[in-house]
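Here is what each chain is made of, one letter per residue.
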Amino acid sequence: MNWSEPQDVREWLSRLFSLRVILLAIAVYSLALAELRFDWVEQMLGAYLARTNSHRPQSGAIWEKGKETLTARKTLEQIVTDRQSTQRLARGAETLSEIAEALAPSHGVMLSAAHFRGLYLELPPAVAGDIASPFELLRIQSTGRWERTYFRKFGRSIKIFLLDMENRVLRELTVPPDLLGRLEQRQDFSEGVLEDFPRLKNRIYRAGRFFEALADQPEEIRRSILPAPERILALSRPITRVGVSDEALTGFVDIGLEFESEGKTMVMVLQARDWAVWRLRLDLEAAAAPLPEETEIDTGGTL
């Protein structure tokens, strides 16, 4: 093979069109034509990348875009699942406190107007009146436009929107955090005696003494202590003892009513306005205080 530089054009042409150069050109052309026809280079490269994919770092714009898409899809699926679960819990709720517990921040649920009215009627009158006046709800119901009720949690409060068929707001109600705390304190019956309740065991009165003192109070105080006396009258056996808590929570004090039912001792706990309870306690303690001893007054002589 001649490795020296060609000396003239003829020698250049003879080397350019030599058999070795022509065979090389044919081979390169054949490879290029086969690649255009069968894409074998891409297939080989793709097979290699697929085989080594698990060993390569997940970095780059394509990987990041794929991660963002996967994360967004999972987040969306979780949001949809959570909202469906919340909606199922709300539709099966029997109290407003159950809805409050099921709601996550900035989430909402939709109920029918009839369902909300049922939940409202289950509330103690004092709590229901703080949420909305029953006369206001009667006025809205009488218009025939109230179709559904939407609950949404904002921070620690809950907003209630009374909506018509086209989702126009007829009335907006707010349940603040302190009222939510009262919703969770349901008026339940528990088996046991007043001494079993730490907050009630320190101040226990005979029922006769308690109700006598209550009867001497103005109507406003009586209703602030027992907003639903009809419920107590409906008990099969009379109240025997009454326990009054020393602790006030958001303006309310627990009162326990002890009674006998089917051979068991039961306690019904309800909430009363703190200012009315303090007023009643003054009368109860005054009635229990011993009378001062009588003393003889020396007048210094006789008339």
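Scroll up to find the structure.
Computed from a predicted model, the values in this text were never measured in an experiment.

Moving on: the environment of leucine 180. As for its position among the elements, leucine 180 is in helix α9 (residues 177–184). On the accessibility criterion, leucine 180 (10% relative accessible area) is buried. Sequence separation of leucine 180 and valine 127 is 53 residues, and the distance between their C-alpha atoms is 9.6 Å.

Viewed as axis vectors pointing N to C, helix α2 (residues 19–38) and helix α3 (residues 40–51) meet at an angle of 70°, and their least axial separation amounts to 6 Å. Viewed along their axes, α2 and α3 adopt a mutual orientation that is roughly perpendicular. Side by side, α2 and α3 meet where Leu31, Ala34, Glu35 and Phe38 of the first sit next to Trp40, Val41, Glu42 and Gln43 of the second.

Within a pair of aromatic rings, the relevant descriptors are the distance that separates the centres and the angle that separates the planes. A complete count under the given rule lists 5 aromatic pairs for this structure. Residues phenylalanine 116 and tyrosine 120 carry aromatic rings whose centres are separated by 6.3 Å and whose planes lie at 35° to one another, so their mutual orientation is tilted. Remark: tyrosine 120 and phenylalanine 116 occur in helix α6 (residues 113–121); sequence separation between them is 4 residues, near one turn of the helix. Of the residues examined, tyrosine 120 reaches a relative accessible area of 8% and is grouped as buried. An aromatic cluster of at least three residues, connected via ring pairs, comprises Phe116, Tyr120, Trp146 and Phe151. Over the ring of tryptophan 146 we find arginine 117, and its NZ or CZ is 5.3 Å from the ring centre.

On the surface, Val9, Leu13, Leu16, Phe17, Leu19, Val21, Ile22, Leu23 and Ile26 cluster together into a nonpolar patch covering about 880 Å² of accessible area. Taken together, the elements giving at least two residues each to the nonpolar patch come down to α1 (9–16) and α2. Counting residues per element, the nonpolar patch draws most heavily on α2, which supplies 5 residues.

Tallied over the full model, the rule gives 14 salt bridges. Between aspartate 164 and arginine 145 there is a salt bridge whose closest N-O contact spans 3.7 Å. Of this pair, aspartate 164 sits in the loop between β3 (157–163) and β4 (169–175) while arginine 145 sits in the loop between α8 (134–142) and β2 (148–154), placing them 19 residues apart in sequence. The buried category is assigned to aspartate 164, whose relative accessible area is 4%. Residue classification places arginine 145 among the partly exposed positions, given a relative accessible area of 42%.

So, about the sheet that holds strand β1 (residues 108–112). Taken in spatial order, the 4 strands make up an open sheet running β1-β2-β3-β4, and their pairing is antiparallel. Of all the strands in the sheet, just β1 and β4 have a single pairing partner and so form its edges. For this sheet, the mean inter-axis angle between neighbouring strands, taken without regard to orientation, is 20°. Looking at chain direction, β2 and β3 are connected through 7 bridges and run antiparallel. What sits directly across from phenylalanine 151, in β3, is isoleucine 160. In the packing of α6 onto the sheet, contacts are made with β1, β2, β3 and β4, and the angle to β1 comes to roughly 95°.

The next subject is unusual backbone geometry. Unlike most non-glycine residues, asparagine 167 shows phi in positive territory, near 65°. In this fold, asparagine 167 is placed in the loop between β3 and β4. A residue is classified by how much of its surface remains accessible, and asparagine 167, at 45% relative accessible area, is partly exposed.

Rules behind the numbers
- Within any chain, residue numbers begin from 1 and follow the written order of that chain's sequence.
- Local features in a predicted model are, by the rule used here, given only for residues with pLDDT of at least 70; side-chain atom pairs are given and counted only at 80 or more, and totals for whole chains, interfaces and linings are based on all residues.
- Calculated side-chain values reflect all of the structure's heavy atoms, with hydrogen atoms and water omitted.
- Numbering of helices and strands starts at the N terminus; helices are DSSP runs of H or I of at least 4 residues and strands are runs of E of at least 2.
- Any residue under 20% of the maximum accessible area for its type is buried, any over 50% is exposed, and the rest in between are partly exposed; the area is computed with a 1.4 Å probe on protein chains only.
- Helix axes use the C-alpha atoms of the stretch in contact, all axes being lines fitted to C-alpha atoms, and the angles between their N-to-C directions lie in the range 0 to 180 degrees.
- For classification purposes, angles smaller than 35 degrees are called roughly parallel, those larger than 145 roughly antiparallel, those between 65 and 115 roughly perpendicular, and all remaining angles oblique.
- Whether two residues touch is decided by their heavy atoms; if any such pair falls within 4.5 Å, the residues are in contact.
- Two aromatic rings, drawn from Phe, Tyr or Trp (for Trp, its six-membered ring), form a pair once their centres lie within 6.5 Å of each other, and the interplanar angle then sorts them: stacked below 30 degrees, edge-to-face above 60, tilted otherwise.
- A positively charged side chain is recorded as over a ring if its NZ (Lys) or CZ (Arg) lies within 6 Å of the ring centre. The angle to the ring normal must also be within 35 degrees.
- Like charges within 9 Å and nonpolar side chains (Val, Leu, Ile, Met, Phe, Trp, Tyr) within 5 Å are joined into patches, using only residues over 30% in relative accessible area that form no salt bridge.
- Computed by Shrake-Rupley with a 1.4 Å probe, the accessible areas treat only the displayed protein chains as cover when residues are assessed.
- Within this document, salt bridges are pairs made up of a side-chain nitrogen of Lys or Arg and a carboxyl oxygen of Asp or Glu, the two lying within 4 Å of each other.
- Should DSSP find at least two bridges between two strands, the strands are regarded as paired.

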